[in-house]
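Letter by letter, the chains look like this.
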Amino acid sequence: MSETITFTWKDRTIELPVVEGTEGEKAIDISKLRKETGLITMDPGFVNTGCCKSAITFMDGERGILRYRGYPIEQLAEESSFREVAYLLINGELPTRKQITRFSVLLNDHSLVHEDMRQFFGSFPMQSHPMGILSSMVNALKSFYPYLAGTREEINTTVTRLISKVRTLAAMSYKISKGHTVVYPRPDLSYCENFLNMMFDSPVRPYKMDHDVVNALSVFLILHADHEQNCSTSAVRIVGSGRVNLYASISAGIAALWGPLHGGANQAVIEMLEKIDRRELTINDAVKKSKDKNDPFRLMGFGHRVYKTYDPRAKIMKKVCDRLLDKLHINDPLLDIAQTLEDIALNDDYFISHNLYPNVDFYSGIVLRAIGIPTNMFTVMFAIGRLPGWIAQWKESMEDPEWKLNRPRQIYTGPVKRDYIPLENR
Ligand code: ACO
């Protein structure tokens, strides 16, 4: 028999069903609460609120576990490729050889963007943030590729088109911002190789592909590929719940990711480490300021809404960082600062008692710097990685038999009814 919770309010008693997931997580289903009692629930920041059932990603914040479709993140980072993980997230199963070949062909076929879209880049002011540009460009894709839905094959085409084009748009925006010639995608290169080539190849200095750099990029993207109902994914689902098209929903996700408390943290971490490196801030002052309730400063790259232990992605990212810097013979002073900061914070009572550990963003910026990605493109890299997750979640919500337009309630705290006062009497 399924479990229920008995809820009593004044003279009403109702039974609320308990919903259980495959990993034993439980939730009280309150969908009939308002209808039967007139009450709503209040949960600022949705700290205790589940908004859907999902079969895509499992995370356990207490035990530091992350799995995509059941596969541990550690195994995927070690043995898989970003292309394969994207397929897994979107389709639910690892691809067969035939399926991954077909997916690669589609990624290649859809990698070019409409030439008219190039003009848009020239219209943004020079100082525009690449996240703002990317969000606008992805929204604009709908006008260039209006046909979206239909058969499963047609939906796959749209999805693949988006994954492929976002990578091309990101590299194009970088080249154009530097005033350089745009480099087109090549059919002989893999997903990650193509991105690096489009970013860094130039007519006067051909880009030399390094297997370790390609691998570091692939792992970076895999680690960011999904993270269940985080801020940007929720934005994608909420916007999508109005039955808007995929491009517009993803554009909203990119905008949400931009914030420094979410995806923008990777840029904010490097800016904080650089400040320490330039001696504008000491490590001790950074720790002290972050503990001061009257100071808005936070140790960037520390803390997580769900993880109350070391973020499993941060562990992998740190290993990738050490390996890459070693291989490329890079002695980045920011890595030493980060390690000292981490040691101090992990032994500090405040960080221990608040369960604050490094998150994925703490070391990712150092990896991206080593690859050659400019700081203002860091969050764009996160967006390229998160795209398969957003798409998978959007698809899942569209196919959900319990689908509803997302529309939270509120408790009104403004003035009670009052009469209009004509201007001359105010
Ligand atoms: N430095 C110092 N104190 C912190 C930090 C931090 N980085 N993070 C949280 N705290 C403290 C808060 O001040 C609060 O203290 P209090 O209870 O004494 O008032 C307590 O820890 C809980 O913090 P909340 O903000 O309520 O927790 P929440 O779950 O909302 O925050 C968040 C999560 C936003 C990620 C937060 O830890 C933070 O701001 N971190 C820095 C930014 C960052 O690295 N973001 C990337 C997150 S990962 C990602 O999105 C990819």
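On a predicted model such as this, the values are computed, not experimentally measured, just so you know.

Engineer: With reference to specific residues and values, describe a nonpolar patch on the surface.
Structural biologist: A contiguous nonpolar surface patch, about 230 Å² in accessible area, is contributed by Ile5, Ile28 and Ile30. Note that Ile28 resides in strand S3 (residues 26–28).

Engineer: I'd like to hear about unusual backbone geometry, residue by residue, with values.
Structural biologist: Notably, Lys10 is not glycine yet its phi reads approximately 50°, a positive angle. Looking at the secondary structure, you find Lys10 in the loop between strand S1 (4–9) and strand S2 (12–20). For Lys10, a relative accessible area of 69% gives the class exposed. Positive phi outside glycine occurs at Asn355, with the angle close to 55°.

Engineer: Talk me through empty space enclosed by the protein; I want residue IDs and the actual numbers.
Structural biologist: Scanning all chains against the criterion turns up one cavity of 30 Å³ or more. Quantified by volume, the largest cavity comes out at close to 50 Å³. Those elements giving two or more residues to the lining of the largest cavity turn out to be helix H6 (130–144) and helix H7 (152–177). With four residues, H6 is the single largest residue contributor to the lining of the largest cavity. Within the lining of the largest cavity, the residues separate by chemical class into eight nonpolar, one polar and no charged.

Engineer: Break down the domain arrangement of the protein for me, citing the residues and quoting the values.
Structural biologist: By the assigned domains, the protein splits into domain 1 (4–50), domain 2 (71–261) and domain 3 (265–371). Using only C-alpha atoms to locate each centre, domain 1 and domain 2 end up separated by 38 Å.

Engineer: Explain the sheet that holds strand S6 (residues 71–72) residue by residue, including any values.
Structural biologist: With antiparallel pairing, the three strands of this open sheet are ordered in space as S4-S5-S6. A strand with exactly one partner marks an edge of an open sheet, and here the two such strands are strand S4 (57–60) and S6. By the bridge criterion, two bridges tie strand S5 (residues 65–68) to S6 in an arrangement that is antiparallel. Among the inter-strand pairings, Arg67 is bridged to a residue of S6, identified as Pro72.

Engineer: Quick one: what's the story with the sheet that holds S2, residue by residue and with numbers?
Structural biologist: Reading across from one edge, S1-S2-S3 is the order of the three strands in this open sheet, with antiparallel pairing throughout. The two strands at the open ends of the sheet, each matched to only one other strand, are S1 and S3. Across the sheet, the mean angle from the axis of one strand to that of its neighbour is 30°, orientation sign disregarded. As defined by bridge partners, S2 adjoins S3 across three bridges and the pair is classed as antiparallel. Residue pairing in the sheet places Val18 in a bridge with Ile28 of S3.

Engineer: Account for the environment of Phe7, naming residues and giving values.
Structural biologist: By the secondary structure assignment, Phe7 is in strand S1. In this structure, the C-alpha to C-alpha distance between Phe7 and Thr37, residues 30 residues apart in sequence, is 9.8 Å. Among residues more than four places away in sequence, those in contact with Phe7 are Arg12, Thr13, Ile14, Leu16, Leu33, Thr37 and Leu39.

Engineer: Can you lay out the nonpolar core for me, pointing to particular residues and giving the numbers?
Structural biologist: Across soluble globular proteins, you tend to see nonpolar side chains buried next to one another. Grouped together as the largest cluster of nonpolar side chains are 114 residues, with contacts concentrated most on Tyr68, Leu162, Ile163, Ile250, Ile366, Ile371 and Ile373. Looking at this core element by element, the count peaks at 11 residues for helix H18 (residues 378–399). Both of domain 2 (71–261) and domain 3 (265–371) provide at least three residues apiece to this core. Setting aside chain neighbours within four positions, we find Ile371 in contact with Leu196, Phe200, Val213, Ala216, Leu217 and Leu324.

Engineer: So what about the state of the cysteines? Which residues, and what values?
Structural biologist: Enumeration according to the criterion identifies zero disulfides in this entry. Here Cys52 stays free of any disulfide, with the sulfur of Cys51 as its closest cysteine sulfur at 3.9 Å. Using a relative accessible area of 28% as the deciding quantity, one classes Cys52 as partly exposed. No disulfide involves Cys192; its nearest neighbouring cysteine sulfur is the one of Cys321, lying 18 Å away. On the basis of relative accessibility, which here comes to 5%, the residue Cys192 falls in the buried class.

Engineer: Quick one: what's the story with the pattern of salt bridges, residue by residue and with numbers?
Structural biologist: Under the definition given, this model contains 17 salt bridges. For Arg63, the salt bridge identified is with Asp60, shortest N-O distance 2.8 Å. With relative accessibility at 56%, the residue Arg63 sits in the exposed group. You can call Asp60 buried: its relative accessible area is 14%. When the shortest N-O distance is used, the salt bridge between Arg278 and Glu280 registers 2.7 Å. For Arg278, a relative accessible area of 49% corresponds to the partly exposed category. One salt-bridge network, in which partners are shared between bridges, spans Asp210, Asp212 and Lys327.

Rules of the game
- Residues numbered from 1 in each chain as written.
- Predicted model: local features only at pLDDT ≥ 70, side-chain atom pairs only at ≥ 80, totals over all residues.
- Heavy atoms only, no water.
- Patch = residues over 30% accessible without salt bridge, like charges linked within 9 Å, V, L, I, M, F, W, Y side chains within 5 Å.
- Areas by Shrake-Rupley, 256 points an atom, 1.4 Å probe, with all protein chains shown as cover.
- Salt bridge = Lys/Arg side-chain N within 4 Å of Asp/Glu carboxyl O.
- Helix = DSSP H or I, 4+ residues; strand = E, 2+ residues; numbered from the N terminus.
- Buried < 20%, exposed > 50% of the residue type's maximum accessible area, 1.4 Å probe, protein only.
- 1 Å grid on protein atoms, 1.4 Å probe; cavity = no way out; pocket = protein on both sides within 12 Å on 5 of 7 lines; lining within 4 Å.
- Points joined across faces, edges and corners; volume = space filled by probe spheres on them.
- Nonpolar A, V, L, I, M, F, W, Y, C, P; charged D, E, K, R; others polar.
- Domains from an automatic or database assignment.
- Pairing = 2+ DSSP bridges.
- Axes fitted to C-alpha atoms, helices over the stretch in contact; angles between N-to-C directions.
- Contact = heavy atoms within 4.5 Å.
- Core = buried A, V, L, I, M, F, W, Y, C linked by side-chain atoms within 4.5 Å.
- Disulfide = S-S within 2.5 Å.

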